Amino acid sequence: MTFLWPEALWLLAALPVIVAAYVLLLRRRKKAALRYASLNLVKDALGAGQRLRRHIPPVLFLLALAAMILAVARPVGYVTLPSQYRTIILAMDVSGSMRAMDVEPNRLAAAQAAAKAFVAEVPMNTRIGVVSFAGTASVVQAPTQSREDVVSAIDRFQLQRGTAIGSGIIVSLATIFPDAGIDVGSMIYGRDALRDSRRGIPPDPAGKAQKAFTPVPPGSHTSAVIILLTDGQRTTGPDSLEAAKMAADRGVRIFTVGIGTTSGEIIGFEGWSMRVRLDEQTLKQIANMTLGEYFYAGTATDLKKVYQTLNARVVMEKKQTEITALFAAAAAATALLSALLSLLWFNRIL
């Protein structure tokens with residue numbers, strides 16, 4: 001815990017002075033008590049419990065005063081608070097290798113089930129969008145609060161060839177920032193205005209040209225987050241790390257989820273076979289660059305647990321924030337308790 005106004009902590013030096021004044025006051029009262037014919041009679045009248053109770057309200061008041069001083073110093077600490085994310089993009093791999101059955105019943109079905117369970121737990125005020133990627137990437141569902149639409153989009157996945165992780169990230173960013181002028185066509189397909197005109201392809205709509213922007217610190221965009229799941233490594237499309245750099249420059253965190261084999265095994269299904277290897281190193285780099293986190297799921301149960309963990313990460317997160325109000329509330333409550341006990345036991349306040 002740190003303090004924004006540490007100079008105010010010097011006020012804590014007043015606490016020993018108050019304690020000394022209290023002890024001095026007790027001694028004066030003790031001398032006054034000697035005027036009675038027998039001090040033992042006074043002690044017997046008070047009782048041991050009564051003598052102990054008379055110190056409790058002052059001690060509580062002293063604690064309240066200490067909490068007030070700490071509140072004046074404006075403490076800052078890490079607390080778990082509701083996330084500010086209002087848009088979550090699920091970017092999911094729909095390459096052919098997702099048919100593999102090493103994750104029961106198969107990778108795609110397990111990923112769909114885990115994603116739908118995740119969607120069901122996300123607060124209703126959060127919009128969820130779905131992007132699928134294989135050889136290219138597309139928006140399957142624009143960000144919406146309708147959970148039925150999101151689940152239907154997840155159920156509509158169609159497997160294709162190739163794995164373009166970078167395309168998935170770029171399309172996700174364009175979905176988060178629809179007015180930022182991210183030229184998806186040129187970044188993914190390498191579109192060129194002159195070449196497109198020769199081929200009869202119309203130019204990008206007005207306002208969609210790439211706009212200059214000022215990079216922000218990674219992880220600083222608190223309104224949106226990307227959750228990217230894949231079971232392979234990039235085979236086509238823009239470079240994955242360059243796309244991650246775009247996300248980092250825009251402050252968007254990417255949580256990456258790897259599923260399947262990491263050893264480069266040959267996966268067979270429906271008479272086909274292919275060598276598939278999960279590129280964990282790249283997924284970890286993407287997460288690190290954007291201040292996200294990487295998760296590995298080797299089974300359907302693991303994948304479900306990963307999405308449960310992601311839900312906790314996205315919905316609730318630790319943040320460094322000023323906690324002055326907590327100390328002020330504790331001081332007020334302790335001071336009130338001190339006054340109430342004093343009134344209850346001694347019919348006076350302290």
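Residues numbered from 1 in each chain as written. Predicted model: local features only at pLDDT ≥ 70, side-chain atom pairs only at ≥ 80, totals over all residues. Heavy atoms only, no water.

### Side note on the sheet that holds strand E10 (residues 294-297)
For the record, the criterion: We treat two strands as partners when DSSP finds at least two bridges between them. Numbered from the N terminus, helices here are DSSP runs of H or I no shorter than four residues, and strands are runs of E no shorter than two. Only the contacting stretch of a helix is used when fitting its axis, a line to C-alpha atoms as for every element, and angles between N-to-C directions run 0 to 180 degrees. Between two residues, a contact is recorded if the distance between any of their heavy atoms is within 4.5 Å.
Sheet architecture is open: six strands sit in the order E5-E4-E3-E6-E7-E10, paired in mixed fashion. Sheet topology places strand E5 (137-144) and E10 at the edges, where each strand pairs with a single neighbour. The mean angle between the axes of side-by-side strands here comes to 15°, regardless of whether they run parallel or antiparallel. The sheet contact formed by strand E3 (residues 87-93) and strand E6 (residues 224-230) spans six bridges and is parallel. Residue Ile88 lies in a different strand from E6, and its bridge partner there is Val225. Packed on one face of the sheet, helix H6 (residues 147-155) meets E3, strand E4 (127-133) and E5 and runs near 165° to E5.

### Regarding the pairing of E5
Looking at chain direction, E4 and E5 are connected through five bridges and run antiparallel. In the strand pairing of E5, Phe133 is matched with Ala137. Connecting E4 to the next strand, E5, in antiparallel fashion are three residues.

### A few points about the pattern of salt bridges
Put simply, the rule reads: Salt bridges are defined by distance alone: a side-chain nitrogen of Lys or Arg within 4 Å of a carboxyl oxygen of Asp or Glu. Burial status follows relative accessibility: with a 1.4 Å probe on protein chains alone, a residue under 20% of its type maximum counts as buried, one over 50% as exposed, and anything between as partly exposed.
In the structure shown here, the tally under the stated rule is four salt bridges. Here Arg107 and Asp231 are joined by a salt bridge, their closest N and O atoms 2.6 Å apart. Taken together, the residues span a long stretch of sequence, with Arg107 in helix H5 (residues 107-121) and Asp231 in the loop between E6 and helix H10 (240-249) at a distance of 124 residues. Among the residues examined, Arg107 registers a relative accessible area of 0% and is labelled buried. Since its relative accessible area comes to 0%, Asp231 is described here as buried. Here Lys245 makes a salt bridge to Asp249, at a shortest N to O gap of 2.9 Å.

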